Amino acid sequence: MNINKYYSRFATVLSIINQHSITSKEELNAPSNEALCADLWYAVQDFINHYALASKTHRNSKSEIVEGNAEKIRTLVSRGFDLNDIRGDILAHVFSKMDHILAQPLEKQVFYVYRTINNCVYDQLRKLPPAGVAVVSLQDKVKGADASGENSSEIQDFIADPNTPEDEVIAKETVNELYLVKKDEIIREISLLANRPAEVLARLCAKHLAMKPAAIARMLAEYGASTAYAKALMSVADKFGIQADEIRKPLSFKAITDESLKLDTGDENQISAQVSRLIYRADKRLCR
């Protein structure tokens, strides 16, 4: 791997962590190491975005061909993946492996992360359907001479339903129980994060509305922080059958600001990166 400033910066931060004798994610997340943890976050993010994912296919010192990631990323994007989502998912995955990373000898840590990123890219490529295979929805209309307008049938109309009425009753009861558990979980999370509304927004959208950071960033850019916050709260309430006053009750009076979400930059990439950081911070607080 050729050395560049993003590689060097990442290696430097790892060296500082090693000098502090930090060997686990728990130690890294200690309040006394908050600044160091933030430095690591930015260093890993830049290493992923501008080094690992930008790597090109080349020959090593043994004249062996080493495949880079740049072409793989172009393939993923051309097949419908969002670049910011790819970056965000890999960033989250790398931090989830931090215990394993810090357990490596210092001189091997950067390469270990690079290999982890490569594995993430390969995993995404393996999920792609074979070239030429079309992915369809069960709600797609069946093509045919008589399949037009209001009389057209959907693909799901031709799939037999194996469930009995008893199965449906059991399924509904199970769903109701799960929704009650989910409701309690959501209220608890909002209560714990109440004084950090930007983290509440990021957590609700990412965890409970299954939105990627890029999609959250687009919503924020379109509606602004306050409106997007209200929409997220109402969407979660509607999805899990929570009364509006129940989901608002644990909230503090602290207002959400555009600055807390980097909306003042007007740059969706910066907003998306900030959302990723907020998701990580919220997860870290809730896991304490």
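Just so it is clear, the structure is predicted and the values come from calculations on it, not from any experiment.

Considering helix H3 (residues 34-52)
Part 1 of the argument: Helix length check: H3, at 19 residues, gives a terminal C-alpha distance of 25 Å against a target of 27 Å (1.5 Å per residue), a fit within 8%.
Part 2 of the argument: Turning to H3, its buried residues number three or more, namely Leu36, Cys37, Leu40, Trp41, Ala43, Val44, Gln45, Phe47, Ile48, Asn49, Tyr51 and Ala52.
Part 3 of the argument: On its buried face, H3 is in contact with helix H1 (5-19), helix H2 (25-28), helix H5 (83-96), helix H6 (98-103), helix H7 (106-126) and helix H13 (268-286).

Some details on the nonpolar core
Among soluble globular proteins, nonpolar side chains are generally buried collectively.
Part 1 of the argument: Ranked by internal contacts, the top residues of the largest apolar core, which has 37 residues, are Phe10, Leu40, Phe47, Ile90 and Ile117.
Part 2 of the argument: For this core, the secondary-structure elements that each account for two or more residues are H1, H3, helix H4 (70-78), H5, H6 and H7.
Part 3 of the argument: For this core, the leading source of residues is H3, giving ten residues.
Part 4 of the argument: Setting aside chain neighbours within four positions, we find phenylalanine 47 in contact with Tyr6, Tyr7, Phe10, Ala52, Val110, Val113, Tyr114 and Ile117.
Part 5 of the argument: By size, the runner-up hydrophobic cluster in this structure holds 33 residues, among which are Ile186, Ala228, Ile242 and Ile256.

Re the environment of alanine 194
Part 1 of the argument: Topologically, alanine 194 is positioned in the loop between helix H8 (165-193) and helix H9 (197-208).
Part 2 of the argument: Between the alpha carbons of alanine 194 and lysine 254 there is a distance of 8.1 Å; along the sequence they are 60 residues apart.
Part 3 of the argument: Each residue touching alanine 194, except ones within four places of it in the same chain, is listed here: Val200, Pro250, Leu251 and Ser252.

As for the side chain of lysine 72
Part 1 of the argument: Note on placement: lysine 72 falls in helix H4.
Part 2 of the argument: Beyond its immediate stretch of four places on either side in the chain, lysine 72 contacts Glu67, Val121, Tyr122 and Leu125.

Some details on the packing of aromatic side chains
Part 1 of the argument: Applying the stated criterion across every chain yields a total of eight aromatic pairs.
Part 2 of the argument: Centroid distance tryptophan 41 to phenylalanine 95: 4.9 Å. Interplanar angle 40°. Geometry classified as tilted. Residue tryptophan 41 is found in helix H3, and its partner phenylalanine 95 is found in helix H5; the two are separated by 54 residues along the sequence.
Part 3 of the argument: Through a chain of ring-to-ring contacts, the aromatic side chains of Tyr7, Phe10, Phe47, Tyr51 and Tyr114 assemble into a single cluster.
Part 4 of the argument: Over the ring of tyrosine 223 we find lysine 231, and its NZ or CZ is 4.7 Å from the ring centre.

Quick notes on the side chain of asparagine 33
Part 1 of the argument: Tracing the sequence through the fold places asparagine 33 in the loop between H2 and H3.
Part 2 of the argument: Residue classification places asparagine 33 among the buried residues on the basis of a relative accessible area of 13%.
Part 3 of the argument: In this view, asparagine 33 contacts Ile22, Glu27 and Leu28; residues no more than four positions away in its chain are not counted.

A few points about the environment of serine 252
Part 1 of the argument: When you line up the elements, serine 252 lands in the loop between helix H12 (244-248) and H13.
Part 2 of the argument: For serine 252, a relative accessible area of 25% translates into the label partly exposed.
Part 3 of the argument: Along the backbone, serine 252 and proline 197 are 55 residues apart, and their C-alpha atoms lie at a distance of 8.2 Å.

What counts as what
Residues numbered from 1 in each chain as written. Predicted model: local features only at pLDDT ≥ 70, side-chain atom pairs only at ≥ 80, totals over all residues. Heavy atoms only, no water. Helix = DSSP H or I, 4+ residues; strand = E, 2+ residues; numbered from the N terminus. Expected span 1.5 Å × (residues − 1). Buried < 20%, exposed > 50% of the residue type's maximum accessible area, 1.4 Å probe, protein only. Contact = heavy atoms within 4.5 Å. Core = buried A, V, L, I, M, F, W, Y, C linked by side-chain atoms within 4.5 Å. Phe/Tyr/Trp six-rings, centres within 6.5 Å; stacked < 30°, edge-to-face > 60°. Lys NZ or Arg CZ within 6 Å of the ring centre and 35° of its normal.

Shape is all these values report; function is a separate question.
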